[in-house]
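Residue-level structural notes
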Amino acid sequence: MIDPKLLRQSAADVAANLARRGFEFDADGYLALEERRKSLQVETERLQSERNTSAKSIGKAKAQGEDIEPLLAAVKQLGERLEASEAALQEVQAELRDIELGLPNLLADDVPAGNTEDDNTEVRRWGEPTDLGFEPLDHIQLGEQLGQIDFDAAARISGARFVVMTGPLARLQRALIQFMLDTHTSEHGYAEAYVPYLVRTQALVGTGQLPKFEEDQFKTIDENPFYLIPTAEVPVTNLARETIFDADALPVRYVAHTPCFRSEAGSHGQDTRGMIRQHQFEKVELVQFVAPDASMAALEELTGHAEVILQRLELPYRVVTLCSGDIGFGSTKTYDIEVWLPGQQRYREISSCSNCNDFQARRMQARRRNPETGKPELLHTLNGSGVAVGRALIAIMENYQEADGSIRIPDALAPYMGGLKKISP
RNA sequence: GGAGAGAUGGCUGAGUGGUCGAAAGCGCUCCCCUGCUAAGGGAGUAAGGGUUAAAAGCCCUUCGAGGGUUCGAAUCCCUCUCUCUCCGCCA
């Protein structure tokens, strides 16, 4: 959520910033509504004050044994006026809140202009696109040749966009998870977190998936429904919900492995084959809570933490800054890490690292105590994949394939594979 | 699933219709005192919001959440959520 005070005072500036995303913010409409809120709130609070004063004097009079009948008569119609005023105020406030919850985050100044992913700007590359010396297969062919990926079986159980893996390949996914968690906890200062995979509405509102992206979520049928988490970002970031961190407690860093569930509404026809885009996939997620002035530096750091994983796995990648039209709803600045996939002969997203500054923190009242003022203030939240496990698995399969269709195990994963050097049919 | 108890500020915990945003203790901050340490004395110490250019001040809201009764609710009623105890079941 954008600071309502800023919306009031600089609605036009906000509109201009959001326009860079291609988002249209009706500043005049908002300000008109805001004017109504102001007069209604002032009036409502005046009436409340009046009620409180008279209630107190009635109490006092009664205690002294005086006749309270005339006092009661005097406040008789106050209740009705107050009730009407409160109801009107509530309605306007709900309307304002709906608008505010629907506004994406303000963009950082250095976010490049653009409309699609083609306009993202490359920041750096690591490694060279793998030259295998033969015609590479993609992970689908490789997996089926190995007999360790079975999309048909998955379809019989659950339909499209699911996968079944067996044998060493299934173990390789587990090895990746372990490797990533170990690296981030032992080298990058993250605490491992185990969190719920089913969450309440408020948690998703906190991180920004709701109310706007309801159709992307899986949800239980219940009058008080659970949502399946689309990313560990949701439960982990909500660890800061309604808390005030001591000044010296930050930064707080969490890493969590969870499955992620996405309905993929609106992505029909995209990546339908293979396990690039699934309803269920594994991800290791990095989350940080930092002081407001520290978040941009933390974004660089966190992105670097994700990069280390790819470097250790010796997977070629590049880092791009997402342009104004491609960046996510809650982010003020995002780096994507794209890994080279020989089967597709191109870079594909394997991690997305975002600085959400106070956007999520405001939605969930995540604060820290300012050491100078002693007062609570919103902290900043960041998240990034460290990294997407399924896609890392694909990247290893395709980059480490041999001419005979077997797959070498990267050295970094050797300790997790029980001595296995290569996966063969 | 059944029965019962409970949810109050950073923590413990009092408060069962009126001057209670809330006793007391702990913790924390500042000051005084004491040669160090320990002890002692005093003051302060919730959050959110509105008004304001901003601050001060003033006002509103909040005692798990939502609704209700009342001139007035932490306190009474209803619903929900969560926690604890016992029984049952269970990985």
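Model, not experiment: these values are computed from the prediction.

Ranked by internal contacts, the top residues of the largest apolar core, which has 54 residues, are Leu-172, Leu-176, Met-180, Leu-313 and Ile-396. Tallying contributions element by element places helix α8 (residues 167-187) first for this core, with eight residues. Each residue touching Met-180, except ones within four places of it in the same chain, is listed here: Val-284, Ile-309, Gly-386, Val-387, Val-389 and Ala-392.

Turning next to helix α3 (residues 27-63). Owing to its 3.6 residues per turn, the α-helix aligns residues three or four sequence positions apart on the same side. An ideal rise of 1.5 Å per residue puts 54 Å on 37 residues; α3 measures up with 53 Å between its terminal C-alpha atoms. Along α3, the residues classified as buried are Ala-27, Tyr-30, Leu-33, Glu-34, Arg-37, Leu-40, Thr-44, Leu-47, Ser-54, Ile-58 and Ala-61. Elements that come into contact with the buried residues of α3 comprise α1 (4-9), α2 (11-19), α4 (69-74) and α5 (78-102). The first or second residue beyond α3 is Gly-65, which carries a positive phi of 75°.

Among the 22 residues in the neighbourhood of RNA strand B, the closest are listed as Arg-8, Gln-48, Arg-51, Ala-55 and Arg-367. Take the atoms of RNA strand B that sit within 4 Å of the protein: sugar and phosphate atoms are 73% of them. Between RNA strand B and Gln-9, the relevant distance is 3.1 Å, taken from a phosphate oxygen to a side-chain nitrogen or oxygen of the residue. A distance of 2.9 Å is found between a phosphate oxygen of RNA strand B and a side-chain nitrogen or oxygen belonging to Lys-38.

Positionally, Phe-329 belongs in the loop between β8 (317-321) and β9 (333-341). Taking relative accessible area as the criterion, Phe-329 reaches 13% and is therefore assigned buried. For the pair Phe-329 and Glu-69, spaced 260 residues apart in sequence, the C-alpha to C-alpha distance is 58 Å. Residue contacts for Phe-329: discarding those within four places in its chain leaves Arg-21, Leu-101, Gly-102, Leu-103, Pro-104, Asn-105, Gly-208, Lys-212, Phe-213, Phe-359 and Arg-363.

The computed volume of the second largest pocket comes to approximately 240 Å³. In this structure, the second largest pocket is lined by 15 residues; those nearest its centre are Val-163, Met-165, Gln-173, Gln-278 and Gln-280. When the residues that make up the lining of the second largest pocket are grouped by side-chain class, the tally is nine nonpolar, five polar and one charged.

We now examine helix α7 (residues 151-158). Residues Phe-151, Ala-153 and Ala-154 constitute the buried set of α7. Looking down the long axis of α7, one finds its buried residues gathered within 160° of arc, a one-sided arrangement. Among the exposed residues of α7, those pointing more than 90 degrees away from its buried face are Asp-152 and Arg-156. Against the buried residues of α7 lie α6 (139-146). Residue Asp-150 occupies the N-cap position of α7, its side-chain oxygen lying 3.1 Å from the main-chain nitrogen of Asp-152. Backbone geometry just after α7 places Gly-159 at a positive phi near 95°.

In this section: the packing of α8 against helix α13 (residues 389-399). Running from N to C, α8 and α13 point in directions that differ by 115°, and their axes come no closer than 10 Å. Crossing handedness for the pair α8 and α13: right-handed. Facing Leu-169, Leu-172, Gln-173, Leu-176, Ile-177 and Met-180 of α8, the residues of α13 in contact are Val-389, Gly-390, Ala-392, Leu-393, Ile-396 and Met-397.

This paragraph deals with the pattern of salt bridges. Under the counting rule described, the total for this entry stands at 22 salt bridges. For the salt bridge of Glu-264 with Arg-277, the shortest nitrogen-to-oxygen distance reads 3.5 Å. On the criterion of sequence distance, the pair formed by Glu-264 in the loop between β6 (252-261) and β7 (280-290) and Arg-277 in the loop between β6 and β7 is long-range, its members being 13 residues apart. Each member of the pair, Glu-264 together with Arg-277, is buried.

A large share of β7 lies buried, amounting to 10 of its 11 residues. As paired elements, β6 and β7 share 10 bridges and run antiparallel to each other. By the bridge assignment, Cys-260 is partnered in β7 with Phe-281. Note that β7 and strand β13 (residues 380-388) share seven bridges and pair antiparallel.

Glancing now at the pairing of β13. Counting buried residues along β13, nine of its nine residues qualify, which places the element largely inside the surrounding structure. Where strand β10 (residues 346-355) and β13 come together, three bridges link them in antiparallel fashion. Paired with Asn-355 across the strands is Leu-382, a residue of β13.

What follows deals with the confidence of the model for chain A. Looking at chain A as a whole, the pLDDT averages 93, with 100% of positions reaching at least 70. This complex was scored by the predictor with a pTM of 0.93 and an ipTM of 0.86.

Definitions and limits used
Residues numbered from 1 in each chain as written. Chains lettered and ligands numbered in written order. Predicted model: local features only at pLDDT ≥ 70, side-chain atom pairs only at ≥ 80, totals over all residues. Heavy atoms only, no water. Core = buried A, V, L, I, M, F, W, Y, C linked by side-chain atoms within 4.5 Å. Buried < 20%, exposed > 50% of the residue type's maximum accessible area, 1.4 Å probe, protein only. Helix = DSSP H or I, 4+ residues; strand = E, 2+ residues; numbered from the N terminus. Contact = heavy atoms within 4.5 Å. Expected span 1.5 Å × (residues − 1). Near = heavy atom within 4 Å. Polar contact = N/O pair within 3.5 Å; in protein donor to acceptor, adjacent residues only side chain to side chain. 1 Å grid on protein atoms, 1.4 Å probe; cavity = no way out; pocket = protein on both sides within 12 Å on 5 of 7 lines; lining within 4 Å. Points joined across faces, edges and corners; volume = space filled by probe spheres on them. Nonpolar A, V, L, I, M, F, W, Y, C, P; charged D, E, K, R; others polar. Arc of directions from axis to C-beta. Axes fitted to C-alpha atoms, helices over the stretch in contact; angles between N-to-C directions. Left-handed = near helix turned anticlockwise from the far one by under 90°. Salt bridge = Lys/Arg side-chain N within 4 Å of Asp/Glu carboxyl O. Pairing = 2+ DSSP bridges. pLDDT = per-residue confidence, 0-100.

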